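Descriptive structure summary
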Amino acid sequence: MNHLISCTIDFVKEKLHGAEAGHDWFHIERVWKLSKKIAETENCNLEVVELSALLHDIADPKFHGGNETLALKISQDFLENQNVSNAIIEQVLFIIQNISFKNRGEAPKDLPIELKIVQDADRLDAIGAIGIARTFNFGGFKNNLMYHPEIPPKLNMTKEEYKKNEGTTINHFYEKLLLLKDLMNTEKGKELAQERHDFMQKFLDEFYKEWNVT
């Protein structure tokens, strides 16, 4: 492991100490490892991929009053202090700014492969068994209802509606998680997403079966 990546890991671990369990260092570590796995199948700048994966949630807006510029400032300051080139910094900041699900409508159409890789990795960690665990953890963190049969999911929300939405945890599967499989960018991402998607479908089937006791 090179010195820059090692320093970035230490920085992220320190910044995210005590973070909500679905967006803590272990989330970052999983996304970083998945990014490297996907990068093996693509022609890309691995350093940009690794730095972006490690810094992508350094200041998630939903934990910072909706501030979407804080992560960019923290990342830029850190990378400049590490004497990273301006070209690399610009690529990393672009990825951090455009990676999220809620910003997909604002992102440019022609995305660099490095963003596609890290975005796939981040979306993979939002689905499957880990995704289910993270979703319910965050729902509990927000004190959201687990499920309410009379509250339907809100589909096709705008960015602002998505940010303000306080629906049930089960609805979040339909509002985001079940959509991610078809939003994967890379062939490896698509391959890994299918199994996780199928697992979520089985979970939901079992959930409704247990909820609707007759």
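Model, not experiment: these values are computed from the prediction.

1. So, the environment of Phe 78
- Mapped onto the fold, Phe 78 is located in helix H4 (residues 70-81).
- Judged by relative accessible area, which is 6%, Phe 78 ranks as buried.
- Apart from residues lying up to four places away in sequence, Phe 78 is in contact with Cys 7, Thr 8, Phe 11 and Leu 55.

2. Focus on the side chain of Thr 186
- Note on placement: Thr 186 falls in the loop between helix H9 (169-175) and helix H10 (187-211).
- Those residues in contact with Thr 186 that lie beyond four places of it in its chain are Ile 38, Glu 42, Ile 113, Lys 116, Ile 117 and Asp 120.

3. Some points on the pattern of salt bridges
- Going through the model one piece at a time under the given rule, you end up with seven salt bridges.
- One salt bridge connects Asp 125 with Arg 134, and the closest N-O pair in it is separated by 3.5 Å. Comparing Asp 125 with Arg 134, the two get one shared label, buried.
- A salt bridge links Lys 188 to Glu 191, with the nearest nitrogen and oxygen atoms 3.4 Å apart. Here Lys 188 and its partner Glu 191 are both found in helix H10, three residues apart, which amounts to about one turn of the helix.

4. Points about helix H3 (residues 46-55)
- For H3, the buried fraction is high: eight of the ten residues fall into the buried class.
- On its buried side, H3 packs onto helix H1 (3-15), helix H2 (25-39), H4, helix H5 (86-98) and helix H6 (113-124).
- Two or three places before Glu 47, at the opening of H3, Asn 45 has a side-chain oxygen 3.1 Å from that residue's backbone nitrogen.

5. Points about the packing of H3 against H6
- At a minimum axis distance of 9 Å, the contact between H3 and H6 shows a crossing angle of 40°. In this view, H3 runs oblique relative to H6, as classed from their interaxial angle. Handedness of the crossing formed by H3 with H6: right-handed. Taken together, the residues of H6 that come into contact with H3 (itself represented by Val 48, Val 49, Ser 52 and Ala 53) are Glu 114, Ile 117 and Val 118.
- Split into classes, the residues belonging to the contact of H3 with H6 amount to five nonpolar, one polar and one charged.

6. Quick notes on the nonpolar core
- Core analysis: the biggest nonpolar cluster contains 56 residues, and Val 12 and Leu 55 have the highest contact counts within it.
- Mapped onto this core, the elements with two or more residues apiece are H1, H2, H3, H4, H5, H6, H9 and H10.
- In terms of residue count, H2 provides more of this core than any other element does, seven residues in total.
- The contacts of Leu 55, once residues within four sequence positions are left out, are Thr 8, Phe 11, Val 12, Ser 75, Phe 78, Leu 79, Val 92 and Ile 96.

7. Focus on the packing of aromatic side chains
- One pass over the full model with this rule turns up eleven aromatic pairs.
- Ring geometry for Phe 136 versus Phe 203: centroids 5.9 Å apart, planes at 75°, classification edge-to-face. With Phe 136 in helix H7 (residues 128-141) and Phe 203 in helix H10, this residue pair connects regions lying 67 residues apart in the sequence.
- Each ring, one from Phe 138 and one from Phe 141, has its centre 6.0 Å from the other, and the planes form 25°; the classification is stacked. Placement of both Phe 138 and Phe 141 in helix H7 is noted, with a separation of three residues, approximately one turn of the helix.
- Through a chain of ring-to-ring contacts, the aromatic side chains of Phe 136, Tyr 147, Phe 173, Phe 203, Phe 207, Tyr 208 and Trp 211 assemble into a single cluster.
- Of note, Lys 36 hangs over the ring of Trp 32, and the distance from its end group to the ring centre comes to 3.9 Å.

8. What to know about the side chain of Arg 134
- Among the structural elements, Arg 134 can be located in helix H7.
- Setting aside its immediate chain neighbours within four residues, Arg 134 contacts Gly 22, His 23, His 27, Arg 30, Asp 125 and Ala 126.

9. Comments concerning H2
- Taking 1.5 Å per residue, 15 residues should reach 21 Å; H2 reaches 21 Å between its end C-alpha atoms and fits that length.
- Those residues of H2 that sit buried are Trp 25, His 27, Ile 28, Val 31, Trp 32, Leu 34, Ser 35, Ile 38 and Ala 39.

10. Examining the confidence of the model for the protein chain
- On average, residues of the protein chain score 91 in pLDDT, and 93% of them reach the 70 mark or higher.
- Here helix H8 (residues 159-164) is the element of the protein chain with the lowest mean pLDDT, 64, and H3 is the one with the highest, 98.

What counts, and where the lines are drawn
- Chains are numbered independently. Their residues run from 1 in the order of the written sequence.
- Given that the model is predicted, a residue must reach a pLDDT of at least 70 before its local features are reported, and side-chain atom pairs must reach 80 or more before they are shown or counted; all residues, however, enter totals for whole chains, interfaces and linings.
- As a rule here, side-chain values cover all heavy atoms of the structure and leave hydrogens and water aside.
- Elements are defined by DSSP. Helices are runs of H or I of four residues or more, strands are runs of E of two residues or more, and each kind is numbered from the N terminus.
- Only protein chains enter the accessibility calculation, which uses a 1.4 Å probe; a residue whose area is less than 20% of its type maximum is buried, one above 50% is exposed, and one in between is partly exposed.
- Any two residues whose heavy atoms approach within 4.5 Å are treated as being in contact.
- Within this document, salt bridges are pairs made up of a side-chain nitrogen of Lys or Arg and a carboxyl oxygen of Asp or Glu, the two lying within 4 Å of each other.
- Pairs of N or O atoms are called polar contacts if they sit within 3.5 Å, as long as, within protein, a hydrogen donor faces a hydrogen acceptor (for residues adjacent in sequence, only side-chain-to-side-chain pairs).
- Interaxial angles span 0 to 180 degrees and are taken between N-to-C directions of axes, which are lines fitted to C-alpha atoms, for helices over the stretch in contact.
- For classification purposes, an angle smaller than 35 degrees is called roughly parallel, one larger than 145 roughly antiparallel, one from 65 to 115 roughly perpendicular, and anything else oblique.
- Whether a crossing is left-handed or right-handed is set by the direction in which the near helix is turned from the far one by less than a right angle, anticlockwise for left-handed and clockwise for right-handed.
- Throughout this entry, Asp, Glu, Lys and Arg are counted as charged residues, while Ala, Val, Leu, Ile, Met, Phe, Trp, Tyr, Cys and Pro are counted as nonpolar. The remaining residues, Gly among them, count as polar.
- The definition of a nonpolar core used throughout is a set of buried Ala, Val, Leu, Ile, Met, Phe, Trp, Tyr and Cys residues joined through side-chain atoms within 4.5 Å.
- Between rings of Phe, Tyr and Trp, where Trp is taken as its six-membered ring, a pair exists when centres lie within 6.5 Å; planes separated by under 30 degrees are stacked, by over 60 edge-to-face, and by other angles tilted.
- In this scheme, Lys NZ or Arg CZ marks a charge over a ring once it lies within 6 Å of the ring centre and within 35 degrees of the ring normal.
- To estimate how far a helix should extend, the number of its residues minus one is multiplied by 1.5 Å.
- Values of pLDDT, ranging from 0 to 100, describe the predictor's confidence in every residue of the model.

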